[in-house]
Structure formats: C-alpha cells, structure tokens
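# A closer look at the structure
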Amino acid sequence: MDGAAAGLILCLLGALLMRRDARALVRRFAWHRAAATIRFEPGPSWRIDFALPDGRAVSFVTRDLRLLARREGDGPVTILYDPRAPDRAIDLPGRLGLGFICGMGLVGLGLAALLR
C-alpha cells in the first residue's frame, strides 16, 4: 500500500473516531443552553424538563442511557437544545473524549502520510 492510500485510510479512521465529539462541538455553538431537571420514570425512561427563554415549559422523555451517562451529578443540569425543535432534540454537553484525541492523532498521521 502506498503512502497516499495509507494516509487516506488513517484520515478516514480519525474522522470516524471524531464524529460524535465533532457533532457535539458544532451543537455547542449552534444550539442554545438551558437549565433542566432530570427525573426517572417507570418504563424505564427519564423526563427532562426545562424552560425556554420566552417562559414556555418543555418536557422531553428519553430512554437513551448514553445521553444521561454524561451528566455529572444531581440537581439542575445544563442542556443544549435545538431552537428550531426544542421538544425533539436535546444534548447534554460533555467533555471531549478519548476518541476525539485519538482521532486527531490519526488525522495528523494521515495528513503527514498524504503530504509525504
């Protein structure tokens, strides 16, 4: 395998690893923040309640454990919501993970192989 093909494969693997964290970074800049409360409900599901800046209350029910695993304790939680559809799309901002760091390294190695 020549250097260009190896570099391209490394870049693609790095992009695949960074996909979730890159999407979260875009959401941090494009979506709005709100303070929310999370309650467990039978089912099992979780209800996330928050208020929009205009005072309208929004309630969101989810079963996604990956979303809730990123919260860092009890009490009010800062969430990101899509201003176009606040009752359908939310995200809990988390720190960048190991996948992002490894992905950046792979993309760097891939670019070095492509430029060589």
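Below: a short report on this structure. This one's a predicted model, so the numbers in the text were calculated from it and none came from an experiment. (Residues numbered from 1 in each chain as written. Predicted model: local features only at pLDDT ≥ 70, side-chain atom pairs only at ≥ 80, totals over all residues. Heavy atoms only, no water.)

## Thoughts on the sheet that holds strand β5 (residues 90-91)
This is how the line gets drawn: One requirement defines pairing of two strands: DSSP has to find at least two bridges between them. Strands are runs of DSSP state E lasting at least two residues, helices are runs of H or I lasting at least four, and both sets are numbered from the N terminus onward.
Pairing within the open sheet is antiparallel, and its five strands lie in the order β3-β2-β1-β4-β5. Both outer strands of the open sheet, β3 (57-62) and β5, are each paired with one neighbouring strand and no more. In terms of strand pairing, strand β1 (residues 32-41) meets strand β4 (residues 77-81) through five bridges, oriented antiparallel. In the strand pairing of β4, Arg-33 is matched with Leu-80.

## Notes on the pattern of salt bridges
The criterion, for reference: Every case where a carboxyl oxygen of Asp or Glu lies within 4 Å of a side-chain nitrogen of Lys or Arg is listed as a salt bridge. Think of it in three bands: with a 1.4 Å probe and only protein chains considered, a residue is buried below 20% of the maximum accessible area for its type, exposed above 50%, and partly exposed in between.
Scanning all chains against the criterion turns up four salt bridges. Here Asp-91 and Arg-27 are joined by a salt bridge, their closest N and O atoms 3.7 Å apart. One end of the pair, Asp-91, is in strand β5; the other, Arg-27, is in helix α1 (residues 3-30), with 64 residues separating them in the sequence. The class for Asp-91 is buried, based on a relative accessible area of 4%. Between Asp-82 and Arg-84 there is a salt bridge, and its shortest N-O distance comes to 3.3 Å.

## Some remarks on the environment of Leu-92
Checked against the element boundaries, Leu-92 lands in the loop between β5 and α3 (98-115). Under the relative-accessibility criterion, Leu-92 is labelled buried at 1%. Expressed as a C-alpha distance, the spacing of Leu-92 and Leu-80, which sit twelve residues apart in the sequence, is 6.1 Å.

## Structural notes on the environment of Phe-60
Within the secondary structure, Phe-60 is located in strand β3. Taking C-alpha positions, Phe-60 is 5.0 Å from Ile-48, a pair spaced twelve residues apart along the chain.

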